[in-house]
Amino acid sequence: MVLLKFHGGCQQIGMSCVEVESQRGKILLDCGLSPDTGEIPKVDDKNIDAVIISHAHLDHCGALPFYKFKKIYCTHPTADLMFITWRDTLNLKKAFGEEDIQNAMSSVECLNYYEERSINDNIKFKFYNAGHILGSASIYLEVDGKKILYTGDINENVSRTLLSADTDFDEIDVLIVESTYGSPLDVKPARKTLERQLIDEIAETIENGGKVIIPVFAIGRAQEILLILNNYMRSGNLTEVPIYTDGSLIHATAVYMSYTNWLNPKIKNMVENGINPFGEIKKADDNLVFNKDPCIIVSTSGMVQGGPILKYLKLLKDPKNKLILTGYQAEGTIGRELEEGAEEIQPFKNKIPINGKVVKIEFSAHGDYNSLVRYIKKIPKPEKAIVMHGERYQALSFAMTIWKTLKIPTFVPVKGTVLPI
Ligand SMILES: [Zn+2]
Ligand SMILES: [Zn+2]
């Protein structure tokens, strides 16, 4: 019998971790950290044969440096991006040291998409494109003959950076699926509409001689935003002003440029035709940013909680300037305060009055509800489904949708659930 043990990512977004246990061995699918609490899954690293990582976001790989695993499998770009994620965490929380990062990195073995790897006679797996961020993978594994698809974070739409998530799998016995936007209320505007809104907001500010501050997540969101800005400027649909960047998105963008083969083929074509799709990366410095000229500042962190973005917030004293939030803002973050219309904020010692406009245009690397529904209809019908990686309402809603759509038993585990399959 194969057992699934759920250590995290249950009715929550954060610390995704599933243990797959068979007579012959134990493996983990993801080993993430909870971004708001810093909590990590409790696992016995000495008894785990291998960890398979879906992608380089904190909630999927952030707990690895806390443990000493024998082997960590991921795709090539994921390894490079994980290094950035771990470094960011070290700088922010100091929960582990540089040696722990080195140690974790020494256990990493990289694979390409569709390359099969056996962990022992009874466990083998392959990575498939998940369409979420560079190198992101769905994990298709066979354990004692059971075929399991762990989707990881998926986007079934084509994005500027990536092709859509793969759906052409062989048989699936058990589907473990994410549910970030799992409720029928989570229907998002088309990407083109969002891009247009973003460009209109920026154009308005630039025409008034103001500056635009865009907080972003370093991996995925930052590159999508840079591609959009540069695309509209190249085509003459947005006035050319300097785009300054700051924070670990600079390193992450360099990784994107190093793996153009893994990106949307349009990007590779542009590079081969001498166009840098992300534009020239200009590091922000005070002389450039705090002068009179209009500009755009793209910086981490995405929820305005730590990172170099904090020092640019004083620009919001000036009503000409604008801040554009591009993603989900968790409770307790400065990003959420700004989203809710705070009249002043206090990132450092002094309070900053907010006179500039704050808008939110949510660009997600996840498919919305309709996209998730299309995904489960496209893949081969599983015997049972397990819903993870969503807040309780989203996870329960999506389980109901799967039941109605596919008529298969569907589970929404909580932390500590053990399911035989
Ligand atoms: Zn992710
Ligand atoms: Zn995630």
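Residues numbered from 1 in each chain as written. Chains lettered and ligands numbered in written order. Predicted model: local features only at pLDDT ≥ 70, side-chain atom pairs only at ≥ 80, totals over all residues. Heavy atoms only, no water.

Another point: the coordination of the zinc ion (ligand 2). Ligation of the zinc ion (ligand 2) by protein atoms is provided by Asp 59 (OD), His 60 (NE2), Asp 153 (OD) and His 389 (NE2), these donors lying 2.1 to 2.2 Å from the ion. With four donor atoms in place around the zinc ion (ligand 2) and angles of 89 to 167 degrees between them, the coordination shape is irregular. Donor residues binding the zinc ion (ligand 2) come from one chain and are separated in sequence as D-H-x92-D-x235-H. Metal-to-metal, the separation of the zinc ion (ligand 2) and the zinc ion (ligand 1) is 3.4 Å; Asp 153 coordinates the two. Linking His 60 in helix H1 (residues 58-61) with Asp 153 in the loop between strand S10 (146-150) and strand S11 (174-178), this pair joins segments that are 93 residues apart in sequence. Accessibility expressed as a relative area gives 2% for Asp 153, which makes it buried. (Donors = N, O, S within 2.8 Å, 3.2 Å for Na, K, Ca; no water. Tetrahedral: all angles 85-135°; square planar, octahedral: opposite > 155°, others 65-115°. Helix = DSSP H or I, 4+ residues; strand = E, 2+ residues; numbered from the N terminus. Buried < 20%, exposed > 50% of the residue type's maximum accessible area, 1.4 Å probe, protein only.)

Aromatic ring pairs are reported here in terms of the distance separating the ring centres and the angle at which the planes meet. One pass over the full model with this rule turns up 13 aromatic pairs. Ring pairs connect the aromatic residues Tyr 113, Tyr 114, Tyr 128, Tyr 140, Phe 169, Tyr 259 and Trp 262, which therefore count as one cluster. Over the face of the ring belonging to Phe 290 we find Lys 314, whose NZ or CZ atom lies 4.7 Å from the ring centre. (Phe/Tyr/Trp six-rings, centres within 6.5 Å; stacked < 30°, edge-to-face > 60°. Lys NZ or Arg CZ within 6 Å of the ring centre and 35° of its normal.)

Once that is clear, we can look at the pairing of strand S15 (residues 296-299). Burial along S15 is two-sided: Ile 296 and Val 298 facing one way and Ile 297 and Ser 299 facing the other are all buried. The sheet contact formed by strand S13 (residues 243-246) and S15 spans four bridges and is parallel. Directly across from Tyr 244, in S15, lies its bridge partner Ile 297. (Pairing = 2+ DSSP bridges.)

Membership of the largest hydrophobic core comes to 95 residues, with the highest contact counts inside it found for Leu 4, Leu 64, Phe 69, Ile 202, Leu 229 and Ile 296. When residues of this core are assigned to their parent elements, the largest contribution, eight residues, is made by helix H5 (residues 221-234). Taken domain by domain, the makeup of this core includes at least three residues from each of domain 1 (3-185 + 365-420) and domain 2 (191-360). Excluding residues that lie within four positions of it along the chain, Phe 69 makes contacts with Leu 28, Cys 31, Val 43, Asp 45, Ile 48, Val 51, Leu 64 and Ser 107. With 25 residues, the next largest nonpolar core counts Ala 165, Ile 172, Ala 399 and Leu 406 among its residues. (Core = buried A, V, L, I, M, F, W, Y, C linked by side-chain atoms within 4.5 Å. Domains from an automatic or database assignment. Contact = heavy atoms within 4.5 Å.)

The next subject is the pattern of salt bridges. Counted under the stated rule, the structure contains 24 salt bridges. Note that Lys 71 is salt-bridged to Glu 109, the shortest N-O span being 2.8 Å. One end of the pair, Lys 71, is in the loop between H1 and strand S5 (72-75); the other, Glu 109, is in strand S6 (residues 108-111), with 38 residues separating them in the sequence. With a closest N to O distance of 3.2 Å, Glu 339 and Lys 360 form a salt bridge. Residue Glu 339 is located in helix H10 (residues 334-339), and its partner Lys 360 is located in strand S19 (residues 357-360); the two are separated by 21 residues in the primary sequence. For Lys 360, a relative accessible area of 30% gives the class partly exposed. Bridged by salt links that share partners, the residues Lys 71, Glu 109, Glu 115 and Arg 117 form one connected network. (Salt bridge = Lys/Arg side-chain N within 4 Å of Asp/Glu carboxyl O.)

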